Amino acid sequence: MKFSKKLVMAAIAGLALVGTAACSNGKSNSSESSKIPSKITKKTNVVFWHGMTGVQQSTLQKLTKEFEKENPKITVKLENQGSYNDLQAKINSTLQSPNNLPTITQAYPGWLYTAAQNKMLVDLTPYINNKNVGWGSSKKSDIREELLEGAQIKGTQYGIPFNKSIETLTYNKDMFKKYGIKKVPTTMKELKEASETIYKKSNHQVVGAGFDSLSNYYVLGMKDAGVDFSNKINFSGNTSKSVIDYYADGIKKGYFRVAGSEHYLSGPFANQKVAMFIGTSAGEGFVKQGVGNKFTYDVAARPGKYTMQQGTDIYMFNHATSDQKAAAFKYVKFLVSKSSQLKWANATGYIPVNNSVVKSSQYKANKNIKLPAKLDTAMDHLYSVPVEKNSNAAYTQLNSIMQNILSAAQKKQNINNAINAGKSKFDAAWKQ
């Protein structure tokens, strides 16, 4: 699923809000722990709002039925709210009437900024550490640490990662062979060199590469240069200009492109108009369908040191009863178990959230998609937009800012004016 800037902003805000609720962590944790029942002894209903469609939804339904069979006292009511935007809007509107909120929901942390601030979310730490409904400790959960941290709001563990993805490089193996590219790019320098070679040897008929998310491109470019995403970034400074110039130079010379009106580069890639692209790992199913038997594609780690972690987590609302909270957490624990995550990842293309599945032979043996065999190394250095005040707004602004700059580059214009205009928008987003 494409990384939504709105989601990220929301996540950031959510983190800040959570800080308020976390101030009394010691007390709230101890009181919450004392309320966790050791077992569910009576019929208990759990309502789960989600935004899954197609095979994602059908797989979630199958897993839910398995859970209910194993836990006959618990009924999980899955309520599809439509797209992510629809789900976010439904949560926002219902926050005004807390008792109408579900027991749990899929969400990006930023969506729940206000909910955290108003102490409407459940700190899940006591549930994680509870041996009856949880794991006994966060380490025993086997969930990748960076993903767990990404589900926090201001340091409080309000979420559990569920449907996650990362950015990867998808490339045309046949085209690499045709144009003499013997090594899959692992650095941005190698990506540029391979792209330029393909563009020239194809007589300018094939663009070398492009990035689906311009916001991710900038954020990770700065991170690779040693700069975290924050309001201290000087958008027109030397480091920032170097990141921008890398893409802009490729646009000017023709060996790079953007998705533009096509939104995703998987289409041009399938039509052999671009040799490789950087996009979400969750989109491999669309790549496979589009490519068909036209050529052989493969997937590799995103060039550069870091890659972006994306996708939603599961959060719990405070209005639920003690039994509902315990039942809901048992369900969440089931969804992120090794067995469930193996089925989920193989069916949907999302990455497993726990280490044991990523490293398992059962996952790596999946021949339907290319990612499993490469995922372990592709996740060496995960990054997510820090949740700070207005960081989501600034992140969201980056897409249009970069579009304007790269549009100027495509027209062979001097991009300094566009960079200065971008700086004004970027700085304003942090201060709004």
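Refer to the structure above for everything that follows.
Residues numbered from 1 in each chain as written. Predicted model: local features only at pLDDT ≥ 70, side-chain atom pairs only at ≥ 80, totals over all residues. Heavy atoms only, no water.

K.L.:
Tell me about the nonpolar core, and name the residues and values.
P.N.:
One finds Ile 91, Ile 104, Leu 112, Ile 160, Phe 329 and Leu 335 to be the most contacted residues of the largest nonpolar core, which totals 80 residues. Per-element accounting of this core gives the leading share, eight residues, to helix H14 (residues 322-335). If we skip the residues at most four places from it in the chain, Leu 335 touches Phe 48, Leu 60, Leu 63, Phe 162, Ile 314, Ser 340 and Gln 341. If you look at the next biggest cluster of nonpolar residues, it comprises 56 residues, including Tyr 247, Ala 275, Met 308 and Ile 415. (Core = buried A, V, L, I, M, F, W, Y, C linked by side-chain atoms within 4.5 Å. Buried < 20%, exposed > 50% of the residue type's maximum accessible area, 1.4 Å probe, protein only. Helix = DSSP H or I, 4+ residues; strand = E, 2+ residues; numbered from the N terminus. Contact = heavy atoms within 4.5 Å.)

K.L.:
Please give an account of the pattern of salt bridges that cites residues and values.
P.N.:
If the charged atoms of two oppositely charged side chains come close together, the side chains can form a pair. Counted by the stated rule, this structure contains 12 salt bridges. A salt bridge links Glu 79 to Lys 77, with the shortest nitrogen-to-oxygen separation between them at 3.4 Å. Among the residues examined, Glu 79 registers a relative accessible area of 22% and is labelled partly exposed. Across the pair Glu 196 and Lys 200 runs a salt bridge whose closest N-O atoms are separated by 3.8 Å. (Salt bridge = Lys/Arg side-chain N within 4 Å of Asp/Glu carboxyl O.)

K.L.:
Can you break down the environment of Lys 364 residue by residue, with the values?
P.N.:
Within the secondary structure, Lys 364 is located in helix H17 (residues 361-364). The exposure class of Lys 364 is partly exposed, given its relative accessible area of 33%. Distance in space between the C-alpha atoms of Lys 364 and Asp 376 is 9.4 Å, their sequence separation being 12 residues. In contact with Lys 364, not counting residues within four places along its chain, are Val 358, Lys 359, Pro 372, Ala 373 and Asp 376.

K.L.:
Can you explain the packing of aromatic side chains? Please cite residues and give values.
P.N.:
On inspection of all chains with the given rule, the structure shows 27 aromatic pairs. Seen in terms of ring centroids, Tyr 217 and Tyr 247 are 4.9 Å apart; in terms of plane orientation they differ by 65°. Their pairing is edge-to-face. Pair noted here: Tyr 217 is in helix H10 (residues 214-224) and Tyr 247 is in helix H11 (residues 238-253), with a separation of 30 residues, a long-range link. Given the relative accessible area of 0%, Tyr 247 is considered buried. Relative to Phe 426, the ring of Tyr 218 lies with its centre 6.5 Å away and its plane at 65°, an arrangement referred to as edge-to-face. Taken together, the residues span a long stretch of sequence, with Tyr 218 in helix H10 and Phe 426 in helix H20 (residues 416-431) at a distance of 208 residues. Relative accessible area serves as the criterion here: at 0%, Tyr 218 is assigned to the buried category. By relative accessible area, which is 0% here, Phe 426 ends up buried. One aromatic cluster is present, built from ring pairs that chain together Phe 211, Tyr 217, Tyr 246, Tyr 247, Tyr 255 and Phe 256. (Phe/Tyr/Trp six-rings, centres within 6.5 Å; stacked < 30°, edge-to-face > 60°.)

K.L.:
Any chance you could break down the environment of Lys 325 for me, citing the residues and the numbers?
P.N.:
Among the secondary structure elements, Lys 325 is positioned in helix H14. Owing to a relative accessible area of 8%, Lys 325 belongs among the buried residues under this scheme. Separated by 222 residues in the primary sequence, Lys 325 and Thr 103 have C-alpha atoms spaced 7.2 Å apart. A polar contact of 3.2 Å, which involves the side chain of Lys 325, links it to the side chain of Asn 318. (Polar contact = N/O pair within 3.5 Å; in protein donor to acceptor, adjacent residues only side chain to side chain.)

K.L.:
Pulling in residues and values, what's your account of the side chain of Arg 257?
P.N.:
Looking at the element boundaries, Arg 257 is found in strand S6 (residues 256-258). Among the polar contacts listed, one links the side chain of Arg 257 to the backbone oxygen of Ala 259, at a separation of 3.4 Å. Those residues within four positions of Arg 257 in sequence are excluded, and the remaining contacts are Val 207, Ala 209, Gly 210, Phe 211, Tyr 247, Ile 251, Glu 262, Leu 265 and Pro 268.

K.L.:
Break down the side chain of Gln 157 for me, citing the residues and quoting the values.
P.N.:
For Gln 157, the location among the structural elements is in the loop between helix H7 (145-150) and strand S4 (159-172). Judged by relative accessible area, Gln 157 falls into the buried class, the value being 8%. Of the polar contacts made by the side chain of Gln 157, one reaches the backbone oxygen of Leu 148; its length is 2.8 Å. With residues near it in sequence (within four places) discarded, Gln 157 still touches Val 122, Asp 123, Leu 124, Thr 125, Ile 128, Leu 148, Ala 151 and Gln 152.

K.L.:
Run through the layout of surface pockets, naming residues and quoting values.
P.N.:
What the largest pocket holds in volume is close to 520 Å³. Around the largest pocket, the lining is made up of 29 residues, and of these Ala 282, Gly 283, Glu 284, Gly 285 and Phe 286 lie nearest the centre. Elements with a contribution of two residues or more to the lining of the largest pocket: helix H3 (54-70), S4, strand S7 (276-280), helix H13 (284-291) and helix H15 (338-348). Here the element with the most residues in the lining of the largest pocket is H13; it accounts for four residues. (1 Å grid on protein atoms, 1.4 Å probe; cavity = no way out; pocket = protein on both sides within 12 Å on 5 of 7 lines; lining within 4 Å. Points joined across faces, edges and corners; volume = space filled by probe spheres on them.)

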